[in-house]
Amino acid sequence: MSNVLERVTKIIVDRLGVDESKVTPEATFKEDLGADSLDVVELVMELEDEFGLQFSDEDSEKIVTVGDAVSYIESKL
Amino acid sequence: MTLAGKTALVTGASRGIGKEIALELARNGANIVVNYAGNTQLAEQVADEIRSIGRESIAIQADVANSEAVEQMVKETVNMFGTLDILVNNAGITRDQLLMRMKESDWDDVLNTNLKSVFLTTKAVSRQMMKQRKGRIINISSIVGVSGNAGQANYVAAKAGIIGLTKTAAKELAPRNITVNAVAPGFITTDMTDKLPEDVKQELYKQIPLARLGEPKDIAYVVAFLASEKSSYITGQTIHVNGGMYM
């Protein structure tokens, strides 16, 4: 099983159609990766499916960067 | 058959307008989840009738004002049919009373069942519809939601709220090819209007240019159209079906 960052990166690349080099832990979904609010909601849904997790609404709101998503997932696994 | 292979969830579908909507969507080819609050026998009869015309159907009891029950119902629907293409928010109750005499619980019950339910079901189905990049949500409002009606402060507020919620959901979900519309019936012959005294009915007719009450099928035809591909450029609208009573 590849690590969390790799799996998250793959989903982001697939969903947002961005270059993999842009998907760094510091990258913000909205500003750096060009996601709109619905894209972020959908990404969270896909991450939930990928990792078999349920993100609470409060927690989802705090996820701004790729790193935020990765550390949140790691904390739940 | 415009809805062949589609899955529709209709709330409050054991009788009245909801039942007719469920049957009409089935006649157009959709498989139907018959949601109901309490009367298992009636709901099962509707599901049987749908199966008898060659569609799949299950009846699911769920309190639409309860988020867990709603999420569970949507999950069951997707597990069973694999898709969820059409949501019709029809479930509704009345607790009529003049404002001065209306109990807080009458207000809360009606707002929860008639309005909060629309928020909960819409939220729950959005996930599936966003994934599918396609969906139809049709909310049953009411003429009184735009005209007001003495003795129905709670019902009117809920039905007006549905119109605002419809417009907002339409804006939010449009980028994912999900349309959200409302249908506002006028006075339709159901258990709800059968309770009206005869003199009240006679007075009503005078206010309706077409001089009669509507039938549940008048609403069901519009819902079937809004559920179909033919309505793909219509979203955020409230379609009035009221014999001209409100224009």
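Residues numbered from 1 in each chain as written. Chains lettered and ligands numbered in written order. Predicted model: local features only at pLDDT ≥ 70, side-chain atom pairs only at ≥ 80, totals over all residues. Heavy atoms only, no water.

- By the naming in an unreviewed UniProt entry, chain B goes by 3-oxoacyl-[acyl-carrier-protein] reductase and is assigned to Caldibacillus thermoamylovorans.
- UniProt lists a comment for chain B under the heading Sequence similarities (unreviewed entry), and it reads "Belongs to the short-chain dehydrogenases/reductases (SDR) family."
- Among the UniProt annotations of chain B, the heading Subunit (unreviewed entry) holds the following wording: "Homotetramer." (UniProt positions renumbered as here; feature names shortened; annotations may be inferred.)

- With an unreviewed UniProt entry as reference, chain A is termed Acyl carrier protein, source organism Caldibacillus thermoamylovorans.
- In its Subcellular location (unreviewed entry) section, the UniProt entry covering chain A states "Cytoplasm".
- Heading Function (unreviewed entry) of the UniProt record for chain A holds this comment: "Carrier of the growing fatty acid chain in fatty acid biosynthesis."

### Description of the overall build of chain B
- From N to C terminus, chain B includes 9 helices and 7 strands.
- For chain B, whose C-alpha radius of gyration is 17 Å, the value lies close to the compact-globule estimate of 18 Å for 247 residues.
- Expressed along its principal axes, the backbone C-alpha trace of chain B runs to roughly 50 × 40 × 35 Å.
- In chain B, the share of contacts with a sequence separation of at least 24, taken over all contacts with a separation of at least 6, comes to 73%. (Helix = DSSP H or I, 4+ residues; strand = E, 2+ residues; numbered from the N terminus. Rg over C-alpha atoms; globule rule 2.2 N^0.38 Å. Contact = heavy atoms within 4.5 Å.)

### What to know about the interface of chain B and chain A
- Facing 8 residues of chain B, the contacting portion of chain A comprises 10 residues.
- For the pair chain B and chain A, the summed buried surface comes to about 780 Å²; carbon and sulfur atoms form 45% of the total.
- Contact with chain A buries surface across chain B, with Arg127(B), Met130(B) and Arg176(B) losing the most and accounting together for 62% of the total.
- The residue Asp49(A) makes a salt bridge to Arg127(B) at a minimum N-O spacing of 3.5 Å.
- Our count for the chain B to chain A interface comes out at 7 residue pairs in polar contact (both at pLDDT 80 or more).
- The biggest single contributor to the side of chain B that touches chain A is helix 4 (residues 104-132) of chain B, with 4 residues.
- Its residues assigned to classes, the side of chain B that touches chain A comprises 2 nonpolar, no polar and 6 charged. (Buried area = accessible area lost by both parts, 1.4 Å probe. Salt bridge = Lys/Arg side-chain N within 4 Å of Asp/Glu carboxyl O. Polar contact = N/O pair within 3.5 Å; in protein donor to acceptor, adjacent residues only side chain to side chain. Nonpolar A, V, L, I, M, F, W, Y, C, P; charged D, E, K, R; others polar.)

### Focus on helix 4 (residues 66-76) of chain A
- Those residues of helix 4 of chain A not exposed but buried are Val66(A), Gly67(A), Ala69(A), Val70(A), Tyr72(A) and Ile73(A).
- Looking at the buried positions of helix 4 of chain A, the neighbouring elements they touch are helix 1 (4-16), helix 2 (37-51) and helix 3 (57-62) of chain A. (Buried < 20%, exposed > 50% of the residue type's maximum accessible area, 1.4 Å probe, protein only.)

### Comments concerning the packing of aromatic side chains
Residue and element names in this part refer to chain A.
- In the structure shown here, the tally under the stated rule is 1 aromatic pair over all chains.
- Ring centres 4.7 Å apart and planes at 50 degrees place the aromatic pair phenylalanine 55 and tyrosine 72 in the tilted group. One end of the pair, phenylalanine 55, is in the loop between helix 2 and helix 3; the other, tyrosine 72, is in helix 4, and 17 residues separate them in sequence. Both residues of the pair, phenylalanine 55 and tyrosine 72, count as buried. (Phe/Tyr/Trp six-rings, centres within 6.5 Å; stacked < 30°, edge-to-face > 60°.)

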